[in-house]
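Chains, contacts and geometry: an overview
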Amino acid sequence: MITIKNAHQLAKMRSAGHLLYDVLCGLREVIVPGMTTLALDAWASERIRKAGAVPSFLNYHGYPACICTSLDSQVVHGIPSDAVTLDEGSILSVDCGLILDDWQADSAFTVPLGEVPDEVLALIAVTEQCFFEGARKAVDGGRMGDIGHAVQSLAERHGYGVIRMLTGHGIGRQMHEDPSVPNFGSPGNGIRLRRGMTLAIEPMIALGDYAVRELDDGWTIVTADGSPCAHYEHTIAITQGEPEVLTLPGYAFPTTEPDAAP
Ligand code: MF3
Ligand code: CO
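Summary of the structure given here. Worth saying up front: this structure is predicted, and the values here are computed from it rather than measured.

**What to know about the site of ligand 1**
Ligand 1 sits among 13 residues. The nearest are F57, D95, D106, H176 and E202. For ligand 1, the protein covers 96% of the area, taking 330 Å² as the surface of the free molecule. A per-class count over the shell around ligand 1 returns six nonpolar, three polar and four charged.

Given below as structure tokens:
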């Protein structure tokens, strides 16, 4: 069931989103080569709890940590560990979610650790751009396929693989609500988008093929061909006008130039 949020509920989701933004900014600052992914998790856990919020990933279907830390060919759901050190030359995706006052926010980013090849930096940049291209299609009266198509066409124009096995999702009182938000699709297809819907849009884009598999830990998803993968996610709200990126306070979508008068 798709839940439509009223202004009061959106205000609560905005508060959760803005807090998560602060947490992710802090995480970006504390990430340093040589630290363990478990230390990063501990930092996030403390930051979230000190703010009076609850880490939403912890114990979710038995997930054992507050954040996901996915390195290189790991797509998502990498489990923080004191045996995993952040090494220069890798890329790290950090995914984090929290609950504030009963309302959820979910967001992820990918960063290079030290020097990484230009083609991998480009993968990270384009994955972020894929989010914004998709998110700007999240408008009242649009279709779900408009979002997926925008993500997919930008990624595939660069020759990248769009992960299909995992999708974005509705979000609200629950972390995962209807509808599913695929990163592929065709314009004008899929469910109708309506104001008051809140979605986690999360492109997962591989340098190589889109096929993935799960590791024996039962969580970590990796690319089947071992190619690096980037992940970028925000929680957004569909409004009367431009979408609101709840986990990116103050963000405004660039207005498209009106066609020059003849
Ligand atoms: N942020 C992830 C998502 O977008 C959820 C992490 S799953 C968990 O779906 F089990 F780690 F919580
Ligand atoms: Co998500």
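Continuing now.
**Remarks on the sheet that holds strand β10 (residues 204-206)**
One open sheet holds the three strands; their spatial order is β6-β10-β13, and the pairing between them is antiparallel. Here the strands that pair on one side only, and so sit at the sheet edges, are β6 (161-162) and β13 (229-231). Here β6 pairs with β10 via two bridges, running antiparallel. Note that in β10 the partner of V162 across the bridge is I205. The strands touched by helix α3 (residues 118-135) are β10 and β13; relative to β13, the strand with the most contacts, the crossing angle is about 35 degrees.

**Topic: the coordination of the cobalt ion (ligand 2)**
Of the protein atoms, only D106 (OD), H169 (NE2), E202 (OE) and E233 (OE) coordinate the cobalt ion (ligand 2), at distances of 2.0 to 2.3 Å. Donor residues binding the cobalt ion (ligand 2) come from one chain and are separated in sequence as D-x62-H-x32-E-x30-E. Of the two residues, D106 is situated in strand β5 (residues 103-112) and E233 in the loop between β13 and β14 (234-237); the sequence distance between them amounts to 127 residues.

**Here's the deal with the packing of α3 against helix α4 (residues 144-157)**
Between α3 and α4, the least distance of the axes is 8 Å, while the angle of their chain directions is 150 degrees. Taken together, the axes of α3 and α4 lie roughly antiparallel to each other. Crossing of α3 over α4 shows right-handed handedness. Judged by residue contacts, V126, Q129, C130, E133 and G134 of α3 engage I147, A150, V151, L154 and A155 from α4. Classifying every residue of the contact of α3 with α4 by side-chain character gives seven nonpolar, two polar and one charged.

**A look at the pattern of salt bridges**
A complete count under the given rule lists five salt bridges for this structure. The partner of D101 in a salt bridge is K12, with the nearest N and O atoms 2.9 Å apart. Pair noted here: D101 is in the loop between β4 (91-100) and β5 and K12 is in helix α1 (residues 7-30), with a separation of 89 residues, a long-range link. The partly exposed category is assigned to K12, whose relative accessible area is 24%.

**So, α3**
Owing to its 3.6 residues per turn, the α-helix aligns residues three or four sequence positions apart on the same side. For α3, which comprises 18 residues, the first-to-last C-alpha distance of 26 Å matches the rise-based estimate of 26 Å (1.5 Å per residue) to within 8%. Taken together, the buried positions of α3 are occupied by V120, L123, I124, V126, T127, C130, F131, F132, G134 and A135.

How each quantity is defined
Residues numbered from 1 in each chain as written. Chains lettered and ligands numbered in written order. Predicted model: local features only at pLDDT ≥ 70, side-chain atom pairs only at ≥ 80, totals over all residues. Heavy atoms only, no water. Near = heavy atom within 4 Å. Areas by Shrake-Rupley, 256 points an atom, 1.4 Å probe, with all protein chains shown as cover. Nonpolar A, V, L, I, M, F, W, Y, C, P; charged D, E, K, R; others polar. Pairing = 2+ DSSP bridges. Helix = DSSP H or I, 4+ residues; strand = E, 2+ residues; numbered from the N terminus. Contact = heavy atoms within 4.5 Å. Axes fitted to C-alpha atoms, helices over the stretch in contact; angles between N-to-C directions. Donors = N, O, S within 2.8 Å, 3.2 Å for Na, K, Ca; no water. Parallel < 35°, antiparallel > 145°, perpendicular 65-115°, else oblique. Left-handed = near helix turned anticlockwise from the far one by under 90°. Salt bridge = Lys/Arg side-chain N within 4 Å of Asp/Glu carboxyl O. Buried < 20%, exposed > 50% of the residue type's maximum accessible area, 1.4 Å probe, protein only. Expected span 1.5 Å × (residues − 1).

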